[in-house]
Amino acid sequence: MRKQYYSKLLVIIGLILLSIYQIYPLKDKIKLGLDLQGGMHVVLEVEETGVEEKNLSDMTERALEIIRNRIDALGVTEPVIQKEGTNKIIVDLPGVGDPDKAIELIGQTALLEFKLVSDDSELLQKALAGEVPEGYQLLYNKEKDDRGILRDTQPLLVKSEPELTGRYIEDAYVGYDNSGFPDVTLKLNKEGAKIFEQVTAQNVNKRLAIVLDGVVKSAPVIRERIGGGSAQITGRFSIEEARNLAIVLRAGALPAKVNIVYKEVVGPTLGKSNITQGFKASIYGGIAVVLFIVIYYGAFGLLADFAAALNILILIAVMVTIKGVLTLPGIAGIALTCGMAVDANVLIFERMREEIRAGKSPKASIDSAYHRAWTAIIDSNITTLITGVILFLLGEGAVKGFGLTLSIGIVANLFTAVFVTKTIVDWVMLTRKIEKLRV
Amino acid sequence: MNIIKNTNFDFIGKRKIAYVFSLVVIVVGIISFGIRGKANFGVDFVGGDMLNIEFTEGVDASEIRAIIKDLNIGYYSVQVLGVENKEFIIKSGPETQDKIINAFSDKYGSDRFTVKAKSMVSPSMSASLRKKALLAFITGMIGILLYLTIRFEFRFAVGATVAIFHDILFVVSILVLTKQQIDASVIAALLTVAGYSVNDTVVIYDRIRENIRKHRGDDYSVIFNKSVNETLSRTLLTGLTTIFVVICLFLFGGEALHVFSFCLLIGFVIGTYSSIFVAISLLIDWHRIQPHKFNV
């Protein structure tokens, strides 16, 4: 018998330690929503008119690539840019000081250009020193550093006048070259094919930079004169790189308009006051509950409080693990979960009192209370869980955040309020001789 | 400590009074809702601009209204936050926000106020948000109905669902009567109220299930009353603790949680009330009209 309790206690202690390890230090680990740290949330919609239904999703992906390109240029830490549905793009920029500039940037139409690269290293050195020759400009390849901020790498001196622009592109897609490496095939329209043939014929062995909104995406070498309007871009691309390059090329041919349909800007001061007020409120609420339950149920109340605290610990640890975003309604969801955690224990303790009144022994009262309260706990928690999960799945923004913490909290609750408290109660009953139960 | 011991109140007998009370509030609420129209909703659900602005010194709200009125931008509303008359929430039609900010700059100087938050929702987006909120709600209802039909029986599931509808209508009525707006956070609150309401109902149902099995042949209203009384101490205790939390959110949670916690406060009280006076009372009256043997 004892051995069984030891292993249960070990599971509980292990879980507590694991949770603490996961969330420490909390400040760096937990991701805060825009409402708590300030920033900007924008939803963009690709205009559906004139776009075939089946192309809409691809169109959105291309638009997303353009926007990502521009946002990266802003140097925002941890921007979130993602596709939603077939034609929406969500952009979350935490802590952006100048939202208007960012919005202006996002709204522009994409500019894709092909520019010849000068191979004169002397000219490049001069340009780097500040003397850019007439008719040329200095552009950079950009790469993300480990914080996700774009840094200039590899400078390129290119002709200011583009040889070709995105409007001549018909399509671009990923394929494989003879040695099995991914490559990108570029298809040009009739007019583009003619220009391209001319440019390639005159500049064999020179590099042609692919520039999106002023950022060099790739600068392949022209191997030969290319006729027929179809070109292969090879290199030791990974699939991902090839795919991104194809998207960049197609982005240049983006005929759709992108509109801002939702915009939310929270100033950093409001974010800070939201977080302090939300936490303050939750802590006051928590203290009120803890005291009330201890006064009402004595030692058992303390146990219920412990279960509720453990519930919050596990909830936050899970949030950190799945990289969930904590929003203000999310904090409210946590507070509510605590209420549910207390409710489960109230159900058990009230049952215990009934059983004691009915004259049962302490051990029998406890077992019977847990057993009989279980159906009420499971049914009530699952009905609430159903709402929580649906809120998370179908809701947006704040509603989603609330559904997330509520759902995690309820699952944690079934574990802490029943398994954890029962194990501890059984343990106490086993190690001490208790003649009379006081609930 | 023990507040309640062995009570034997006749809740079921008092249900007619409760019916009248609920009906009056909800009917008045629905009528006011109809009269108020579009103003019931926040920018999330009808589209438009929302501006949260704070001045360095107190400003007269009527002055703010006059400035916006002079812009001739159509619909707008100005809400004062706090007691110092420094902070305002201004709602207006789509793409009118910049005009308002410019007008304030001209009048007061741009260093005299800070824009704490602003948002813009296009009509197409608000329509999709509306649809999503409704979809979430209906799906949730169906989920609850199915689960309770499986765990109890169809009539019980209907009772609980009607109680949820009652609670949501009740809270919305109070919101309308207190001139609050329905936005995304209110939807989150209403769904929480639904969850709480059904949670409370299920706990009493659970006891009814047990008592029906134990006392076969007894009159249902006796069994139901007994079940409510037996769970009364739990009902009050849980109700009080959750309401403690919500009161704290309401008092200290700041503006962002104000309407949210207000909904929860009303909703939790009504959710507790509706378990007895809607969910269970309905089962009794349904049984009177159409006798039925509960098979749980």
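### Overview of the interface of chain A and chain B
On the chain B side, the residues contacting the 57 residues of chain A number 52 residues. Elements that contribute at least two residues to the side of chain A that touches chain B include exactly β2 (39–46), β14 (258–266), α9 (268–297), α11 (328–357), α12 (362–394) and α13 (398–431) of chain A. A per-element tally of the side of chain A that touches chain B places α9 of chain A first, with 16 residues. When its residues are assigned to classes, the side of chain A that touches chain B shows 32 nonpolar, 16 polar and nine charged.

### Considerations on the domain arrangement of chain A
Here chain A is partitioned into domain 1 (2–36 + 267–431) and domain 2 (40–261). Inter-centroid distance (C-alpha atoms) of domain 1 of chain A to domain 2 of chain A is 49 Å.

### Here's the deal with unusual backbone geometry
Note the cis peptide between Y24 of chain A and P25 of chain A, where omega equals -10°. Here P25 of chain A lies in the loop between α1 (2–23) and α2 (26–29). Although it is not a glycine, K323 of chain A sits at a positive phi angle of roughly 60°. Topologically, K323 of chain A is positioned in the loop between α10 (299–321) and β15 (325–326). Unusually for a residue other than glycine, N85 of chain B sits at a positive phi of about 60°. Position of N85 of chain B relative to the elements: it lies in the loop between β2 (76–81) and β3 (87–92).

### A few points about the pairing of strand β4 (residues 113–121) of chain B
Summarising burial for β4 of chain B: seven of the nine residues are buried, a large majority. Examined bridge by bridge, β14 of chain A and β4 of chain B share five bridges and lie antiparallel to one another. In the sheet register, E264 of chain A faces β4 of chain B, and the bridge partner there is S119 of chain B. Where strand β1 (residues 48–55) of chain B meets β4 of chain B, eight bridges bridge the pair, whose relative direction is antiparallel. Residue pairing for β4 of chain B: G48 of chain B is matched across the bridge by V121 of chain B.

### What about α9 of chain A?
Between its first and last C-alpha, α9 of chain A extends 43 Å over 30 residues, near the 44 Å set by a 1.5 Å rise per residue. Trailing α9 of chain A by a residue or two, G298 of chain A shows a phi angle of about 65°, which is positive.

### Brief notes about the environment of D379 of chain A
Turning to its location among the elements, D379 of chain A is positioned in helix α12. Distance from D379 of chain A to T234 of chain A, taken between C-alpha atoms, is 60 Å for residues 145 residues apart in sequence. Among residues more than four places away in sequence, those in contact with D379 of chain A are R151, V202 and D206 of chain B.

### Digging into the sheet that holds strand β13 (residues 230–233) of chain A
Residue and element names in this part refer to chain A. Taken in spatial order, the three strands of this open sheet run β9-β10-β13, and their pairing is antiparallel. The sheet is open, and its two edges are formed by β9 (169–176) and β13, each paired on a single side. Each adjacent strand pair in this sheet contributes to an overall mean axis angle of 20°, direction not counted. One ladder, built from four bridges, connects strand β10 (residues 182–188) with β13; its direction is antiparallel. Paired with V184 across the strands is I233, a residue of β13. In the packing of helix α8 (residues 239–251) onto the sheet, contacts are made with β9, β10 and β13, and the angle to β9 comes to roughly 170°.

Rules behind the numbers
Residues numbered from 1 in each chain as written. Chains lettered and ligands numbered in written order. Predicted model: local features only at pLDDT ≥ 70, side-chain atom pairs only at ≥ 80, totals over all residues. Contact = placed C-beta atoms within 7 Å. Helix = DSSP H or I, 4+ residues; strand = E, 2+ residues; numbered from the N terminus. Nonpolar A, V, L, I, M, F, W, Y, C, P; charged D, E, K, R; others polar. Domains from an automatic or database assignment. Buried ≥ 20, exposed ≤ 12 C-beta atoms within 10 Å, placed from the backbone. Pairing = 2+ DSSP bridges. Expected span 1.5 Å × (residues − 1). Axes fitted to C-alpha atoms, helices over the stretch in contact; angles between N-to-C directions.

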